[in-house]
Structures are given as structure tokens and as C-alpha cells.
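Take a look at the letters that make up each chain.
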Amino acid sequence: MKRKGYLDFFGKLAVIFIILASLTSMGQSNIKNPIYLNPDQPIEKRVKDLLTRMTLEEKIGQMCQFSVFTEKYGKLVKGGKVGSFLNVLGAENTNKIQRIALEQSRLKIPLIFGFDVIHGYRTIFPIPLAEAATWNPQLVEKAASISALEATSAGIDWTFAPMVDIARDPRWGRIAEGFGEDPYLASVFSAAKVRGFQGKELSNPFTLVACLKHFVAYGAAEGGRDYNTSEVSERTLRNVYLPPFKAGVEAGAGTLMSAFNEISGIPASGNRHTLTEILRDEWKFDGFVVSDWGSIAELIPHGFAEDSAHAAKEAVIAGVDMDMEGRIYISNLLQLVKDGKIPEEVIDKAVSRILRIKFRAGLFEHPYTKIDQSKSIMLCKEHLQTAREEVRESLVLLKNEGNLLPLRKDIKSLAVIGPLADNQADLLGTWAGRGVAEDVVPIIKGIRNKVSGATKVYYAKGCNIDDTSTNGFDEALNIARKAAMVLLVVGESADMSGEAHSRAFLDLPGVQKDLIQAIYTTGTPTIVLILTGRPLSISWVKKNIKAILLCWHPGVQGGNGIADVLFGDYNPSGRLPVSFPRTIGQIPIYYNHKNTGRPPKENIRWTSKYIDIPWTPLFPFGYGESYTSFEYSNLQIKPKETGSNKEIRVSVDVKNTGDRRGEEVVQLYIHDLFGSVTRPVKELKGFKKISLKPGEKKTVNFIITPEKLAFYDRNMNFVVEPGTFDVMVGKSSENIQLTGSFEIIGDQ
Ligand code: GLC
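Just so it is clear, the structure is predicted and the values come from calculations on it, not from any experiment.

1. So, the sheet that holds strand S16 (residues 547-550)
- As summarised here, the arrangement of the six strands in space is S11-S16-S15-S14-S12-S13, forming an open sheet in which the pairing is mixed. Looking at the sheet topology across the chains shown, the edges are occupied by strand S11 (396-400) and strand S13 (456-460). Sheet twist, expressed as the mean angle between neighbouring strand axes with direction ignored, is 15°.
- In this structure, strand S12 (residues 413-417) lies alongside strand S14 (residues 485-491), joined through four bridges in parallel fashion. Residue pairing across strands places Leu414 opposite Met485, the latter belonging to S14.
- Helix H17 (residues 443-450) rests against S12, S13, S14 and strand S15 (526-531) of the sheet, and its axis sits at about 175° to S13.

2. Remarks on helix H16 (residues 381-394)
- An ideal rise of 1.5 Å per residue puts 20 Å on 14 residues; H16 measures up with 20 Å between its terminal C-alpha atoms.
- Burial in H16 covers these residues: His383, Thr386, Ala387, Arg388, Glu390, Val391, Arg392, Glu393 and Ser394.

3. Structural notes on the environment of Val209
- Within the secondary structure layout, Val209 lies in the loop between helix H8 (183-198) and strand S5 (211-215).
- As for Val209 and Val194, which are separated by 15 residues in sequence, their C-alpha atoms are 8.3 Å apart.
- Setting aside anything within four residues of it in sequence, one finds Val209 in contact with Ile112, Asp157, Trp158, Thr159, Gln198, Leu202, Gly254, Thr255, Ile357 and Ala361.

4. Observations regarding the packing of aromatic side chains
- Enumeration according to the criterion identifies 26 aromatic pairs in this entry.
- Ring plane angle 75° and centroid distance 5.1 Å describe the contact between Phe215 and Phe245, whose orientation is recorded as edge-to-face. Of the two residues, Phe215 sits in strand S5 while Phe245 sits in helix H10 (residues 243-250), which places them 30 residues apart along the sequence.
- Among the residues examined, Phe215 registers a relative accessible area of 0% and is labelled buried.
- Put simply, the rings of Trp135, Tyr184, Tyr591, Phe621, Tyr669 and Phe687 pair up and form one aromatic cluster.
- Here the guanidinium or amino end of Lys213 rests over the ring plane of Trp431, the centre of that ring lying 5.3 Å away.
- When the ring centre of Trp606 is taken as reference, the NZ or CZ atom of Arg605 above it lies at 5.5 Å.

5. A look at the pattern of salt bridges
- Counted by the stated rule, this structure contains 39 salt bridges.
- Of the charged contacts in the structure, one is a salt bridge between Arg238 and Glu282, with a shortest N-O distance of 2.7 Å. Taken together, the residues span a long stretch of sequence, with Arg238 in helix H9 (residues 234-241) and Glu282 in helix H11 (residues 272-282) at a distance of 44 residues.
- Across the pair Glu664 and Arg575 runs a salt bridge whose closest N-O atoms are separated by 2.8 Å.

So, how was this worked out
- Residues numbered from 1 in each chain as written.
- Predicted model: local features only at pLDDT ≥ 70, side-chain atom pairs only at ≥ 80, totals over all residues.
- Heavy atoms only, no water.
- Pairing = 2+ DSSP bridges.
- Helix = DSSP H or I, 4+ residues; strand = E, 2+ residues; numbered from the N terminus.
- Axes fitted to C-alpha atoms, helices over the stretch in contact; angles between N-to-C directions.
- Contact = heavy atoms within 4.5 Å.
- Expected span 1.5 Å × (residues − 1).
- Buried < 20%, exposed > 50% of the residue type's maximum accessible area, 1.4 Å probe, protein only.
- Phe/Tyr/Trp six-rings, centres within 6.5 Å; stacked < 30°, edge-to-face > 60°.
- Lys NZ or Arg CZ within 6 Å of the ring centre and 35° of its normal.
- Salt bridge = Lys/Arg side-chain N within 4 Å of Asp/Glu carboxyl O.

Listed below in C-alpha cells is the structure:
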């Protein structure tokens, strides 16, 4: 017995020893190789493990973002007091700062580097409003993936894009940065940009974390004046301004950015209803929200926060996780938690979201950027070719009377005139990343690249973009008189749109309209090219000039892409993503408006219209001409009646009835004839861009899902209501070719 007793004792001792040894070794490996540093562990486990190891100061550090890096930040990074930098550019610089975080800080949490890669990093594509005019989400997605490749090779991990603010007011300079006035079109491009930036795997080192901005209703700024109040009903918020954000979240966007504006009394950066109740509770978004630059601090001038501590509390409770350059979180959160004014679990939630995205982005596995890979990537041939394709497809042929376009390449002589004809910097447009003016192909060069050696190309600037001098008119008139054709290149400079660049007038700036009118008197056939970041009120030009090509701000391949269209190497297919007003007096003007109780009738006075101008836009949403023509036939709608949870299938035949290949953007609109709340007279619910050879006919198919028929009803429920729906298929929101209807007959 005794022997057995000994054996038992030593046996137990050995078991205890083995357990202790394994715990210690686990413990050691736990310190040497903690869960959060183990890529084989699930991300949620890594987030939890890291959070438990962090001090309150380190947690708050993750919530702080600073612009550019100066030596004084070195100490903060070492102390784990910074989560992100923006505007630090170049892999050498980001690696240098990252090394401080990874080699000198206690927990070695990588920084995330952000930058505004809005429509390109070094290869600058057309501005986003022009990208929307392509109605080609696949192409725009490809351009975004190229931007991600270039930006990540320069050390950037995170872009503050896509901007998906719906804009119905072209006075607002930031209309240039978004996808126009329609929730459906903007939603399609929101998702396309997120896919392009983030790729299939966000952990891929050549993908960027996307950032949907500015959340929300920033584009509803009263008077089109940037940063101004947005007074938006909950129903309009949900039916118009929120859908592109929801589409981006559903596409997997890692982050959102709050906004500067207030939303009917509550600033967007302190708005718990939008940032938590909608974004997180309803949409289940699990990424993080960064403030806009200083927008937390701005809760004080908004009159929404008494002081910076109050601003910090309002923003973090509302759901803003990271403070961009506001220095509000770094100065106030620690004391607020210590004083019990903010529960630490609020901080834990915010930090968890930030860490989650850093893990998903693979930053713990590849925190550094390989040097020198960028040299071969920036502006490479493939990137420039894609940029040229986007330019071509973004151009909108607004008028082509007498088929003045396309031009012959052996035309005898051309007078190229205007302040934007031999211009590089302004073609980059607003938010041009690391674009360089010298990279831009100016329009005059694109033309010279295209015409025959025998063609005489004369050039005169004529005037500046925005001053009163007409001294250059004579030279311009001289060459206009001797040339066979005038190409007049006018419009806005790059810095007339974008942030803090709203305009109270939408005319061509300076004396450009006078220049056009002077050239017009020569009688030489004239084509006007419009470069702009926004719709312009160009009624006189539309009335008197035979051909007008809208070129937006086209980016580095502007000259080549525009010449491709001018000389017929590409048949223009761009369509307007935003209405062009006749005058600012019509603003806001958008196609998906309500019918009112007195819909406008030309010859009936007591209806909703103006006594001095037609109430319709100068050019409508979805509009654009082609060098060929298309015929629509055989509209089919099946079934003609169905339940509210069923799909409707629509098909239409489209034929190219012209003599050259062309692309048509077949547009599908619906009109919910009546509802528990008033509904727009039409809503875009589908589009297909198809290419047809001369004489070729294709059948285009659409599916109208219940989601496309649903809206927020009288009780603010998202529902499909029974009733009759008109279906309209056509070339633009105004040029409807075929109509039909179907019936929703209750829940089935
Ligand atoms: C700006 C803009 C925002 C941009 C940010 C960082 O103020 O509103 O769109 O991403 O600052 O540059």
C-alpha cells in the first residue's frame, strides 16, 4: 500500500509539474507570441486579446489622428498615443514612422496612414462626377484599383473616398467629388469604388481601406454654400441621402467619415441617430468612423457643445471613433473616463472597431511598404490607358447640330482657342492627390497628336479663365477667321470647385462667354468644349453654338481622350449624372422631383412653373448624344401584376440605326403613381451600357426587385406598397422611348 501511496503522490506531483510547465511556457509564448500577434487567430479574438493588454491612454491613442509627421509626434507614437496619420506621403516616410510604433512602443500596434485618393494617386482620372457620367461602374472600379496600387506603393493604407454625398445644388463646389443627384446611380458607383479600392481581400498589401463620406446629407447645404446647414426630413434622409452609404457599407467599406454640417439641428459629428442607431444598430456596420478634419472641435461653434470636453463626450457617445486633427480626444477623453463621465466600454467599443480594421487590412502582418516598387507603377502605360478610356467614356455630347462632329483628321485647318486649350494644371480637377500638372496631356497636344501632318493647327488663348481683360480677343478672332473650324475650350479652373469653393453664379467665369460671342460673329463653324467641376448655366451657348462637348476636369489623359472623341476614334457615350439648370434661379433642380398638386403645364398659368423661363432643366439627368442613333422596341414587362415580395422582369430591344458603332445607356425608370407618402415622378432603377455595331440589335433585360420598389412610408417603415407602377425606358430622364406598367397587389 505504502509503495502505491508514494506512486500516487509522485504521480500527482508530476502531473502538477507538467501543467505548471505548460502554463509557464504558454505564458511565455503568450508574452513572446500573444494571440493578437498571431495571424492564425480569428480577428475578433485578436481584438479582444489586444484590448485587454491596453492601458486607457493607449486605447485613447488609437482614437487620435494627426496630419503630417513632425518630431514632436515621435514621442506620442512611442508612447502608443497615436492611431493614424494622414498626408504623410512616400514609403520612406511612412516606414520611418511605422518603425517607431513597431520597435519602440510597448504593444507595437501599427499606425494606419490615410490620404485623399479621390480620383487617382499619381495617375489622375477624371473627377468623380465625370466618372459617374461614364455610367460604367466596372471601368470606375478598375480605375479605383489602379489608384489603390499606386497609393499603397507610396505607403498609404486608407483613402478618404469614395465621397457619396447626393448633390442637387451645383453652386456647392463639392458636387465635383461625388456621383451626382440620383441615389440609385450614386449607390452603384459607391459600391464599385469600394470594391476597386478594397479588392477581394482587404489584407492584400495593394488594397486601400475605403472611407464613405461625408456621413450624412452634407450635399444638402442650404444655398449651396459649403459647410452650411442641411435641413432634411428623416424621410428624405432615408430615401435620398442614405442609400449610397448603405450600398457602400454592404460592399464592405471599412470606414466612414462624419461631416461638417448639421442635420436639422444636430451636427453630423455628434449625431447618435445617424452614427449609431442607423449605421450600427440598423445596418450592423462594424468598421470605424473618423471625424472630418476638426469636425469634433466644430461642435463648439455649431453651438452644440459648450467646450472641448463636452464636444469630446458628444462625439464619442454619438459614434465618432477617431478624431481627425481635432486634438479633442487626446486632450479630454482620459479625464472624462476618470471622472466617470464616459464609461470605459464606450472607449473599448471605439478602439475595437479601429483595431478590427487594422487587423482586416493586414497591417500587423505587413506594416511596412517595399521601397522603390512605386517607380515602375506610377503612370505606367496600362494605368494611362485606363485613364484615357475613362476620359472618353465620361465626355457628354450635349449638342451636335448638323453632325459637325466628329471632325476629319485631315481637316485643312483648326483654330484652337480658349484659356483651357493649352492648360495642364486645371485639367487635374479638385482633390488631385499627388497629381502633377506636367503629367497632363493638354487638349491642344491631344489634337496635334491626332490630326494629319497637313492640318494647320492655330492656337490663341483668347482670355484668362477668370478676369475682365479682352486683350487676347483680336488674336483669337484672327485665327478664327482663317481656320476651317474653331475649337473653343472654356470653363472653370480646378480650384473653382471642391471643398470651400461654392459659387453663387453658374456662368462661364470671366469674359469667356464674351469670347464665344465674339468668335460666333466670325461665322466660322465652332465647337465649344466645356471643362468644369459642376453643371454650368450655358443657355446662350446651347442656343447659338452648333456643337458642345462636356469634358468635366478629365485628369492626366484629358487631351488624348478628348481628341479620341473629337475625331471619331471613340463615339461619345457619356450621360449626365446631374441636371444642368438654365439659371441658378431654378436651383435646386433634379429629375426625381415630386409631382405637386399643380404639376407644371405649359399653357396653364396656375401651375407650378416660372413666368420668365421654362421650368425644365437646360440638359436633363441621363442626357447625352451620340454620333449614331438608337431605336427602342418591344418593351416587355412580366408579370403585369404580382405580390410585393416578387420580382418584375423588364426587357426592351435596342437597335443601332446609324452608320457607326456606338454605346447606348439604356435607362429604366419607374413611377409609383400614388402611395402613403408622395413619390417622385420618376426614379432610376436600372441602366445598361451596351455597345452596338451599325444595324445590330440587342435585347436588354432588367430585374425590378422588391428592394427597388420599397421606400420609407408614412410610418417610416421601409415597404413596398400595393398599387400601379409606370415603367419608362429611354435615353435620358426626359427622352423616354417606351412605357408600360405593372400592378403590385398586396403581400404575397
Ligand atoms: C477635408 C475634407 C475631407 C477630407 C479631409 C482630409 O476637410 O472635408 O473630405 O477627406 O479633410 O483631407
